[in-house]
Amino acid sequence: MDTEINKHPHRRYNILTGEWILVSPHRTKRPWQGKTEKNNVEKRKTYDPSCYLCPGNSRAGGETNPDYKSTYSFENDFPSLLPEAPVKDFENGLLKAEAETGICKVVCFSPDHSLTLPLMEEKDITQVVKLWKKEYRELGDKEDINYVQIFENKGEIMGCSNPHPHGQIWSQKSIPTEILKKSKHFKEYWNKNKSSLLGDYLKQELELNERILAQNEHFVALIPYWAVWPYEAMIIPKKHYQHIGQLNTEEEKAFAGIIKKLTIKYDNLFETYFPYSSGIHQIPTDNKEYPEWHFHMSFYPPLLRSATVKKFMVGYEMFAGPQRDITAEQAAKNLNELSEIHYLNH
Ligand SMILES: [Zn+2]
């Protein structure tokens, strides 16, 4: 469906957040004068004695990591949230604050310092999925935890200084802004149509087949129509699940498989350890019912046209709203033309 609108400046609507993004496809024709050189990717060591996440090493907080063989999670030594809040909410005129409590954890994906998700075996990524499930349940079961955010910051460009394969989980008492926004749109659609907003969107995307990157029996990876980041992608379960705790053994494996497929494509795009922030959006753990919700995992990678040229969210984007040049369809096409085998394994 290559519509006329795709060739000219237009705005696309994000059905999940209600926000708009400006798309300027004509600008991809302008000459590029920036840097385009390749990154020199060095092969990493499997163990780094100075890494605070490697098995057996001491952490900054004084603890020592066990000699773990698969995945390993622990409470962050420098957490952004603390379980106890010795303060009360505050309001004075137009000044308003709320005490916030929570638990922050670090999740090591593998004992091998040299790996990343795309370089890990599917069976080992499945162990990561199992640990995410366990943490989502255990943290979510706590009385004061009403939301659990699972995420990964990958690459120095994303502010992650340690290359050891790991992610984080921040769980807290309040429900964060992005979740509230999506809840509103899921609910409005559910009340009107009695079906899943994301489930119906997925059906349409599968019919059009313009932005699909990969799929298996249980999951689809695609570039959302309203993507902001150049190669932003989303993994959506085909079943209408509200959270990852609902995945069965076979679905855990399928989730791991599609994560591997997508991240291999990412690495192959600019032949680098492709940086991104990824996160899973799912229902709050406040014991309320959210039948309208459809869990999903999003990837926000900053790279634009090489291993070193990133997209900056500045100027218009800071003051008005996000904008992109390369269309979501072109981004999908670029990724779909790449090999499914990691470039380091060729
Ligand atoms: Zn390490």
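Whatever comes next refers back to the structure up there.
Bear in mind that the values here come from a model prediction, so they are computed numbers and not experimental data.

Criteria and thresholds
- Along each chain, numbering runs from 1 in the same order as the chain's sequence is written.
- Side-chain atom pairs in this predicted model are given and counted only at pLDDT of 80 or more, local residue features only at pLDDT of at least 70, and totals for whole chains, interfaces and linings cover all residues.
- Here the side-chain values reflect all heavy atoms present in the structure, with hydrogen atoms and water set aside.
- Note that water is not among the atoms considered, so a metal site may appear incomplete; the donors listed are N, O and S atoms within 2.8 Å of the metal, with 3.2 Å applied to Na, K and Ca.
- The rule is simple: four donors are tetrahedral if all their angles sit between 85 and 135 degrees, four are square planar and six octahedral if opposite donors span more than 155 degrees and the others lie between 65 and 115, and anything that fits none of that is irregular.
- Numbering of helices and strands starts at the N terminus; helices are DSSP runs of H or I of at least 4 residues and strands are runs of E of at least 2.
- To sort residues, take the accessible area from a 1.4 Å probe on protein chains only and compare it with the maximum for the residue type: under 20% means buried, over 50% means exposed, and anything in between is partly exposed.
- Aromatic pairing here means that ring centres of Phe, Tyr or Trp (its six-membered ring) are within 6.5 Å. Orientation follows from the plane angle: under 30 degrees is stacked, over 60 is edge-to-face, and everything else is tilted.

Draft legend 1. Looking closely at the coordination of the zinc ion. The protein atoms that coordinate the zinc ion are Cys51 (SG), Cys54 (SG), His113 (ND1) and His164 (ND1), at distances of 2.0 to 2.3 Å. Its four donor atoms give the zinc ion angles of 105 to 114 degrees at the centre, a pattern that matches the tetrahedral case. Sequence spacing of the donor residues for the zinc ion, all on one chain, is C-x2-C-x58-H-x50-H. Highlighted residues: Cys54 in the loop between strand E2 (20-23) and strand E3 (72-75) and His164 in the loop between strand E7 (147-154) and strand E8 (166-172), separated in sequence by 110 residues. Here the two residues Cys54 and His164 agree in accessibility, since each one is buried.

Draft legend 2. Quick look at the packing of aromatic side chains. By the definition in use, this model includes 16 aromatic pairs. Measuring from centroid to centroid gives 4.8 Å for Phe219 and Phe255, while their planes differ by 15 degrees, and the two rings are stacked. Pair noted here: Phe219 is in strand E10 (residues 219-222) and Phe255 is in helix H4 (residues 249-270), with a separation of 36 residues, a long-range link. This pair shows no difference in class: Phe219 is buried, exactly as Phe255 is. Between Phe255 and Phe295 the ring centres are 6.0 Å apart and the planes differ by 75 degrees, which places this aromatic pair in the edge-to-face class. One end of the pair, Phe255, is in helix H4; the other, Phe295, is in the loop between strand E12 (276-281) and strand E13 (296-300), with 40 residues separating them in the sequence. In this structure Phe295 comes out as buried when scored by relative accessible area, which is 0%. Chaining the aromatic ring pairs together yields one cluster made of Tyr231, Tyr266, Phe270, Phe274, Tyr276 and Phe299.

Draft legend 3. Quick look at the environment of Lys333. Counting through the fold element by element, Lys333 comes out in helix H6 (residues 328-336). Sequence separation between Lys333 and Ala99 is 234 residues; the distance between their C-alpha atoms is 46 Å.

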